[in-house]
Every structure is written in C-alpha cells, then in structure tokens.
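In case you want the letters, here they are:
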Amino acid sequence: MGAVVTAVIAIAAVVLGWVAIEMACKPCLETGRRAMDRALDPNYDPDDSPTNATAAAATEPLLADLSAASAAQPAKAI
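No experiment lies behind these values; they were computed from the predicted model shown.

**Focus: the overall build of the chain**
Counting its regular elements, the chain contains three helices and zero strands. Taken from N to C terminus, the helices and strands of the chain fall in the order α-α-α. Per-residue burial for the chain yields a buried fraction of 0% across its 78 residues. A total of about 7,400 Å² of accessible surface is found on the chain, and carbon and sulfur atoms cover 68% of it.

Pasting the structure below:
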C-alpha cells in the first residue's frame, strides 16, 4: 500500500509542477506553440499573407543606397 501512496504523491507532484510551469510561462509558451503550429501546417505559405512587420521589410531594398556614404577616408590596414 505504501508504494501506491508514494506513486500517487509523485504523480500529483508532477502534475502540479506542470500546471505551475504552464501558468508561469503562458505567454511564451503560447507564442511558441503558435509558431510551431504555423511551421508544421502543410497549407501555410508565408508568401501568401505578409504581416505588417514583414510587409514593410519586403518592400525595402536589400542593399542600402551607398551614394550618400560619408566622406571620411577609408581605414588603412595595419
């Protein structure tokens, strides 16, 4: 009987620990789970619907305009 009580207490401790971690890290875990769900979804195509953050980045050129570079002399190698 002592082994059953010990097993029940151990299982209860694991469950309570899991619940505590879920409650403490809820925002981080939800963000991660959404990202994993989106990454594992075979129907999801990131090119179909850009978000506001990526839409602005997608319209910017890959290389900056270097014509307005500073007039400073380039550094010499040592």
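**So, the packing of helix α1 (residues 2–24) against helix α2 (residues 26–40)**
In contact at an axis separation of 5 Å, α1 and α2 are set at 85° when each is read in the N-to-C sense. Looking at the two axes, α1 sits roughly perpendicular to α2. Taking contact as the criterion, the partners of Ile21, Glu22, Met23 and Ala24 in α1 are, on α2, Lys26, Leu29 and Arg33. Its residues assigned to classes, the contact of α1 with α2 shows four nonpolar, no polar and three charged.

**Description of the pattern of salt bridges**
In total, this model carries one salt bridge according to the counting rule given. Glutamate 22 is the salt-bridge partner of arginine 33, the closest N and O atoms lying 2.8 Å from each other. With a gap of eleven residues between them, arginine 33 in helix α2 and glutamate 22 in helix α1 connect regions that are remote in the sequence. Judged by relative accessible area, which is 38%, arginine 33 ranks as partly exposed. Of the residues examined, glutamate 22 reaches a relative accessible area of 22% and is grouped as partly exposed.

Rules of the game
- Residues numbered from 1 in each chain as written.
- Predicted model: local features only at pLDDT ≥ 70, side-chain atom pairs only at ≥ 80, totals over all residues.
- Heavy atoms only, no water.
- Helix = DSSP H or I, 4+ residues; strand = E, 2+ residues; numbered from the N terminus.
- Buried < 20%, exposed > 50% of the residue type's maximum accessible area, 1.4 Å probe, protein only.
- Areas by Shrake-Rupley, 256 points an atom, 1.4 Å probe, with all protein chains shown as cover.
- Axes fitted to C-alpha atoms, helices over the stretch in contact; angles between N-to-C directions.
- Parallel < 35°, antiparallel > 145°, perpendicular 65-115°, else oblique.
- Contact = heavy atoms within 4.5 Å.
- Nonpolar A, V, L, I, M, F, W, Y, C, P; charged D, E, K, R; others polar.
- Salt bridge = Lys/Arg side-chain N within 4 Å of Asp/Glu carboxyl O.

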